[in-house]
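# Coordinate analysis (summary)
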Amino acid sequence: MTSTASERSAALSEIGLDGQNQATIGRLLATGNIGHAEDRDDGRMHARIRIVPDQLVWDPSVLVLPHGGHLDIEFVNDDQNTHCALVPSNGDSKWMWLPNYSRGTMSVTLDGPGYYWFSSNIGNDEGRGLIGAIVVRGDVPESARLDRPQQPRP
Amino acid sequence: MTDIQDRTDIEYGEAPPAVDFGSLTSATGTAPPVVQDVTYERILDARSEPQNWLTYYGAYDGQRYSPLDEINTENVVRIRPAWVFSFSPHGLHAGQSTYAFENSPIIVDGVMYVSGWDGWVWALDARTGQMLWQYKHAIPFDVSLCCGNVNRGVAVANGKVFVCTLNAHVLALDASTGECVWDVTSGDVRAGESLTVAPLVVKDRVVVGSSGGEFGVRGHLDAYDMETGERVWRCYTIPKPGEPGSETWPSDGEAWARGGGNGWVTGTFDPETNLLYWGTGNPAPDFDGEVRPGDNLYTDSVIAVDADTGEIRWHYQCTPHDLWDYDSNMECILFEQDGRQLLAHFDKNGYCFVLDRTTGERVRIFPFVDRITWGEISPDGTVTPRIYPDKEGEEVHFHPGPAGAKEWTHAAYSPRTGLFYVPVQDTGAKVARRRREFKESIPYWGAAVTVDAEDMAGSVTAFNASGEEVWRWRNDLPMCASVLTTAGDLVFAGTPSGLFVALDARTGELLWQFNCGSGHHSSPSTYSIDGKQYIAVPVGWGAWVEGFLPGMMGGPHGQAMFVFSLPEGIDSAGGR
């Protein structure tokens, strides 16, 4: 039997897939919150992402950008353990330590559309739940589109 | 905005500043400015500087032949690894199970420029393997990839390294630092487009061809200004209604708009004709021809494209109205015979096409694989289909399978021996037509496909220009990697099991082999530093193995550049 989308959160919780050491050892990926980056006047986007104590999950674990471009992410580690952040970016991925109770800002550049995974790449933080998604919405520039009539999409 | 509030019961500290992940490697950060003086004129005359491998095929003629001869039939048995560059992925990336190392290394005056899967580009010290710089483009996890997370190489000129990305961008990087100079979006990922091709520098332009035929895009080649990234021309390989060739598509409906025909492998170039010779891919849907009656130009064709304007001057279609996924993307090798300017193209459909490259006139057609059951092409060019998916759900079996008798991986031609050396795959497949509605970005094959995992064979086969087989080096598994030939009268080839072999170019005798630990699906090249010759081969099994060798689906991935040389004077001091 399958659940509907609206029932999914409740089912994840009931089974114990949205927390640490319940049904599974870790937390099923992408079961955390969804958040949106803010478009600022200077043309950059901004977001805050924190690590929830003892939950090994990014909050939000799915960050939505309205379009591709430059993104400043302030990471906040509220956990009582040290983690880190490895985030894709054009040119080179960005990496930073996130010691217990620390805050730091990272700047990345991402193309849209599409989505990217970021993570804490130490130990098995990734398997336990510290993998998050950055979703970039929008379309490619008109100059990059095919010269053809509009086509149906799924 | 993410609504994340600070906790009031915590006194936060500052995290150490974020850094480039590449700064946490042994990379030195800079490469000598060797590309600054690489000009179109030097690439035109690339074979006069055999110490370098300046362009994708080594030279514009696509021969994959090097005049270097320090390593030869007498001493090749002594070559050994000089250094290995190994690089494994970090975090989750697209095509986690399909990434492969399909590169052809470019070498300029002791510096090697390499692209990998998933947006990686590296500059390496070609003597020691020391990483000099790295560039990483962020590739969306969800890009549409028919055939794995791959990239076939870079181009270099005027101080820049040009590379394509899987999300259909074309980049120019500073060859000394790896920093991005310009970045243009060349294709539409929402339409299923991507870029895997190694760019070709011609004059002051960078030419690339798109990928995405399995998703029903409309194929195109593009030329970009080398300095600014501005598009100079675009050549669609599927004509719009009313354009020449449009009569080969249904006059009603939009089959042309989804017609495929992508140019996803680098072309060759003849400065005398000023023509690019570029192979085009399969029509879409691959196997359901009933929705696209007609020959479907310019799919499965060799097209001769004016390098200045992007106009198609002539074409030769190898598989009209393809029903077998027989792309014609593979190389067009330029050569001369009896005073004629010719090209040779070994096609997926099992036949070699020798054409007059000034006119496109057919000179010769000959088969180069043992089993061809899909149909027949007579010497006069008449195509007679025999076995093909036709009735809905009715399975047919044919040879060669959709990977072809030769995949995109390249043959070589030695002007010393007058022989072509061809990596051959002899594998069949079962296909049943299964019609589906077209939806943008969703695979559009029109069939259920299973490729044989047994009863297969491979070889490197040598043919003379008349199409006569001169020798054959047999392998139990199909040969799925490009070959390289040298003035040392050697042919180098990699096997799917990981062996890298050296064959006598005149006899096919196996002279040397080395187990690289992972299958080969790339294009080796050769170079020299201070007179010492090196052979470089990217090793890394993967890509659409289900299509070309499902019997090796479980084969180990790899991600290493192996470089071989004679043992004297090896300097493996790369690293710190």
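This report concerns the structure included in the present document.

What counts, and at which threshold
Residues numbered from 1 in each chain as written. Chains lettered and ligands numbered in written order. Predicted model: local features only at pLDDT ≥ 70, side-chain atom pairs only at ≥ 80, totals over all residues. Heavy atoms only, no water. Helix = DSSP H or I, 4+ residues; strand = E, 2+ residues; numbered from the N terminus. Buried < 20%, exposed > 50% of the residue type's maximum accessible area, 1.4 Å probe, protein only. Areas by Shrake-Rupley, 256 points an atom, 1.4 Å probe, with all protein chains shown as cover. Lys, Arg positive; Asp, Glu negative; His and termini not counted. Charge placed at Lys NZ, Arg CZ, Asp CG, Glu CD. Salt bridge = Lys/Arg side-chain N within 4 Å of Asp/Glu carboxyl O. Contact = heavy atoms within 4.5 Å. Buried area = accessible area lost by both parts, 1.4 Å probe. Polar contact = N/O pair within 3.5 Å; in protein donor to acceptor, adjacent residues only side chain to side chain. Nonpolar A, V, L, I, M, F, W, Y, C, P; charged D, E, K, R; others polar. 1 Å grid on protein atoms, 1.4 Å probe; cavity = no way out; pocket = protein on both sides within 12 Å on 5 of 7 lines; lining within 4 Å. Points joined across faces, edges and corners; volume = space filled by probe spheres on them. Disulfide = S-S within 2.5 Å. Core = buried A, V, L, I, M, F, W, Y, C linked by side-chain atoms within 4.5 Å. Phe/Tyr/Trp six-rings, centres within 6.5 Å; stacked < 30°, edge-to-face > 60°. Lys NZ or Arg CZ within 6 Å of the ring centre and 35° of its normal. Pairing = 2+ DSSP bridges. Axes fitted to C-alpha atoms, helices over the stretch in contact; angles between N-to-C directions.

This brings us to the overall build of chain A. Within chain A, the secondary structure is distributed over 2 helices and 11 strands. C-alpha extents for chain A along the principal axes are approximately 50 × 45 × 25 Å. Put simply, chain A has 154 residues, and 51% of those count as buried. As displayed, chain A has an accessible area near 7,000 Å², and 48% of this comes from carbon and sulfur atoms. Taking the average place of the 13 positive charges on the side chains of chain A and the average place of its 20 negative ones, the gap between the two points comes to 1 Å.

We now examine the pattern of salt bridges. Residue and element names in this part refer to chain B. Applying the stated criterion across every chain yields a total of 47 salt bridges over all chains. Taking the shortest distance from any N to any O, the salt bridge between Lys203 and Asp308 comes out at 2.9 Å. A residue pair is termed long-range when its members are at least 10 positions apart, and Lys203 in the loop between β13 (200-202) and β14 (205-209) and Asp308 in the loop between β19 (301-306) and β20 (312-317) qualify at 105 residues. The exposure class of Asp308 is partly exposed, given its relative accessible area of 34%. When the shortest N-O distance is used, the salt bridge between Arg433 and Glu392 registers 2.9 Å. Note that Arg433 is positioned in strand β30 (residues 429-433) and Glu392 in the loop between β26 (383-385) and β27 (395-398), a separation of 41 residues in sequence. Overall, Arg433 belongs to the buried group, its relative accessible area being 9%. Among the ionic contacts, a cluster of salt bridges with common partners joins Asp288, Glu290, Glu392, Arg433 and Arg435.

Another aspect to go through is the interface of chain B and chain A. In this assembly, 61 residues from chain B lie in contact with 60 residues from chain A. When chain B packs against chain A, the two sides together hide about 4,900 Å² of surface, and 55% of this comes from carbon and sulfur. The interface formed by chain B and chain A includes 7 salt bridges. Here chain B and chain A share 33 residue pairs in polar contact (both at pLDDT 80 or more) between them. Those elements that provide at least two residues to the side of chain B that touches chain A are β1 (13-14), β2 (19-20), β8 (131-136), β12 (180-185) and β16 (231-236) of chain B. When its residues are assigned to classes, the side of chain B that touches chain A shows 25 nonpolar, 17 polar and 19 charged.

Taking a probe equal in size to a water molecule and rolling it over the atoms shows the remaining empty space. One number sums up the size of the largest pocket: a volume of about 430 Å³. Lining the largest pocket are 34 residues, with Cys146, Cys147, Glu214, Asp325 and Trp544 of chain B sitting closest to its centre. A breakdown of the residues in the lining of the largest pocket according to their chemical character gives 14 nonpolar, 11 polar and 9 charged. Estimates place the volume of the second largest pocket at around 340 Å³. Around the second largest pocket, the lining is made up of 17 residues, and of these Gly91 and Asp92 of chain A together with Asp20, Gln134 and Thr177 of chain B lie nearest the centre.

With that out of the way, let us pick up the state of the cysteines. Residue and element names in this part refer to chain B. As enumerated under the stated definition, the model contains 1 disulfide over all chains in all. Between the sulfur atoms of Cys146 and its disulfide mate Cys147 the distance is 2.3 Å. A torsion of -100° about the S-S bond marks the disulfide between Cys146 and Cys147 as left-handed. Look at Cys146 and you get partly exposed, because its relative accessible area is 30%. For the unlinked cysteine Cys164, the closest cysteine sulfur is that of Cys180, found at 13 Å. Distance from the sulfur of Cys235, which forms no disulfide, to the nearest cysteine sulfur (Cys332) is 14 Å.

With respect to the helices, strands and loops of the structure, Asn464 of chain B is situated in strand β32 (residues 457-464). Reaching out from Asn464 of chain B, the side chain makes a polar contact with the backbone nitrogen of Ser466 of chain B at a distance of 2.9 Å.

Moving on, we come to the side chain of Thr248 of chain B. The topology assignment puts Thr248 of chain B in the loop between β16 and β17 (268-270). If we skip the residues at most four places from it in the chain, Thr248 of chain B touches Pro293, Gly294, Asp295, Asn296 and Leu297 of chain B.

Counting residues in hydrophobic clusters, the biggest one holds 98 residues, and the most contacted among them are Met112, Tyr113, Trp122, Leu276, Phe492 and Tyr527 of chain B. If we ignore the near neighbours within four places in the chain, the residues touching Phe492 of chain B are Ile71, Val76, Ile79, Ser482, Val483, Leu484, Thr486, Phe500, Val501, Ala502 and Ile535 of chain B. Counting 26 residues, the second-largest nonpolar core is a separate cluster that includes Ala37, Leu71 and Val87 of chain A together with Ala15 of chain B.

The next thing to look at is the packing of aromatic side chains. All names here are of chain B. In the structure shown here, the tally under the stated rule is 49 aromatic pairs over all chains. Within the aromatic cluster, the residues linked to one another by ring pairs are Phe85, Phe87, Tyr99, Phe101, Trp117, Trp120 and Trp122. Across the ring face of Trp408, the terminal group of Arg152 is positioned such that the distance to the ring centre comes to 4.9 Å.

All names here are of chain A. Counted under the stated rule, the structure contains 4 cavities of 30 Å³ or more. Looking at the lining of the largest cavity, the elements that each hand over two or more residues are β7 (83-87) and β10 (114-119). The element contributing the most residues to the lining of the largest cavity is β10, with 5 residues. Considered class by class, the residues forming the lining of the largest cavity number 16 nonpolar, 6 polar and 3 charged.

Attention now moves to unusual backbone geometry. For the bond running from Asp59 of chain A to Pro60 of chain A, omega is 5°, close enough to zero to count as cis. Mapped onto the secondary structure, Pro60 of chain A falls in the loop between β4 (58-59) and β5 (62-65). Look at the link from Gly112 of chain A to Pro113 of chain A: it is a cis peptide, with omega at -5°. Assignment of secondary structure puts Pro113 of chain A in the loop between β9 (102-110) and β10. Non-glycine residue Ala30 of chain A carries a positive phi angle of around 60°. In this fold, Ala30 of chain A is placed in the loop between α1 (5-15) and β1 (34-36). With phi around 45°, Asp109 of chain B is a residue other than glycine that occupies positive phi space.

All names here are of chain B. With antiparallel pairing, 4 strands are arranged side by side in an open sheet as β5-β6-β7-β8. Here the strands that pair on one side only, and so sit at the sheet edges, are β5 (106-108) and β8. Direction aside, neighbouring strands of the sheet carry axes that sit 15° apart on average.

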